Amino acid sequence: MTATTTAPMATTPARTTRQPSARLRAWATRAPLLPALIFMIAVTQLPFVATLVISFFDWNALYPDARRFTGLDNYRQVLTDADLRQSVWTTVLLTVAVVLASLVLGLALALLLDRRFRGRGVVRTLLIAPFLVVPVAAALLWKHVLYNPEYGLLNGLLHYVGGPQPDWISDTPLLAVEAALVWQWTPFMMLILLAGLQSRDQQQIEAARVDGASDWQIFRHLTLPHLRRYLELGALLGSIYIVQNFDAVFTITSGGLGTANLPYTVYQSFYQAHENGLASAAGVLVVIGSLVIAAFALRVVSSLFREEVSRA
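Here the structure is a predicted model, which is why all the values come from computation and not from measurement.

Concerning the layout of surface pockets
Consideration 1: A volume near 420 Å³ is recorded for the largest pocket.
Consideration 2: Considering the residues around the largest pocket, the lining is formed by 16 residues, among which Pro263, Val266, Ala279, Gly283 and Val286 are closest to the centre.
Consideration 3: At the level of elements, α2 (34-54), α14 (262-272) and α15 (276-311) are the ones that each hand at least two residues to the lining of the largest pocket.
Consideration 4: Of all the elements, α15 adds the most residues to the lining of the largest pocket, at seven residues.
Consideration 5: Counted by class, the lining of the largest pocket contains ten nonpolar, six polar and no charged residues.
Consideration 6: For the second largest pocket, the calculated volume is near 360 Å³.
Consideration 7: Taken together, 13 residues make up the lining of the second largest pocket; nearest its centre are Leu111, Asp114, Arg115, Arg200 and Arg209.
Consideration 8: When residues of the lining of the second largest pocket are traced back to their parent elements, those giving at least two are α10 (202-210) and α11 (215-226).
Consideration 9: In terms of residue class, the lining of the second largest pocket is made up of five nonpolar, two polar and six charged.

A short note on empty space enclosed by the protein
Consideration 1: What the rule picks out here adds up to one cavity of 30 Å³ or more.
Consideration 2: In this structure, the largest cavity occupies an estimated 30 Å³ of space.
Consideration 3: In terms of lining, the largest cavity is formed by Pro135, Ala138, Ala139, Ala180, Leu181, Gln184 and Ala248.
Consideration 4: Going through the elements one at a time, α6 (135-146) and α9 (173-197) are the ones with two or more residues in the lining of the largest cavity.

Remarks on the UniProt feature "transmembrane region" (unreviewed entry) in the protein
Consideration 1: Under the present numbering, the feature "transmembrane region" (unreviewed entry) in UniProt falls on residues 33-57, 88-113, 125-145, 174-197, 230-257 and 277-301.
Consideration 2: With 84% helix and 4% strand, residues 33-57 has end C-alpha atoms that lie 36 Å from one another.
Consideration 3: As a span, residues 125-145 carries 90% helix and 0% strand, and end to end its C-alpha atoms are 22 Å apart.

Cut-off values and rules
Residues numbered from 1 in each chain as written. Predicted model: local features only at pLDDT ≥ 70, side-chain atom pairs only at ≥ 80, totals over all residues. Heavy atoms only, no water. 1 Å grid on protein atoms, 1.4 Å probe; cavity = no way out; pocket = protein on both sides within 12 Å on 5 of 7 lines; lining within 4 Å. Points joined across faces, edges and corners; volume = space filled by probe spheres on them. Helix = DSSP H or I, 4+ residues; strand = E, 2+ residues; numbered from the N terminus. Nonpolar A, V, L, I, M, F, W, Y, C, P; charged D, E, K, R; others polar. UniProt positions renumbered as here; feature names shortened; annotations may be inferred.

Following this line, the structure appears as structure tokens:
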């Protein structure tokens, strides 16, 4: 009996093709964005780093050779100086008043535009127009066309009905600035809240009407809870912009009569007193406050996106 032996078959090595790694593919995808990223860093982050460094120095532009490192003294002065502390309080008061008034008026206008009526498109365009006006032009419009005690529209209307002729800017300076900002930012709040109203579940609203719910009950128990995220988003985004507002204060009151907010104080410290270190410290505090508010705004935006994705 003979044993047959089989020779081992020659195996040819499989042809292997080298696939690019996942990291290489990711870099290839992101490479076109690198010029924009580098430009953004050069334009925004490098000046902020320079401002942060200057904020630790006692640096007056009129005496450049006398500058010296002082650590946190500039921040301590910003937080303890009476005038600077007053500007911080004015910034908070201005922001809260403008945001709340804009939200209430924006909600009322959004509820109006959510209904169908003849000429709704024209009304919507007219209501959006104040938000499209250049901030300085809007402030000049309020200062000269409306507030002027001699030829302003407000005093003209009061004269027509036999009312008093107040000097709006001198008598109520902070309210004058707040009214101009509310007029400009109400359309922004209206657009956000109108988007929230149009994303409601109409079947749920119709079911509530069939069950006998009134308009107030629908608004209180269905519409308002649905708009909670949109109200938060409008408040946070509005706060970011109003905290940094400079145009209205500079144009209407020139920072006088107790209306100087923190951005205007930064302007005064830098361009008038030439205190570069103190102005940089105040500017850094404004940026930090804006970043804190922006972090909450991003959380609200991400939660809104998650709700829309889960609903889809």
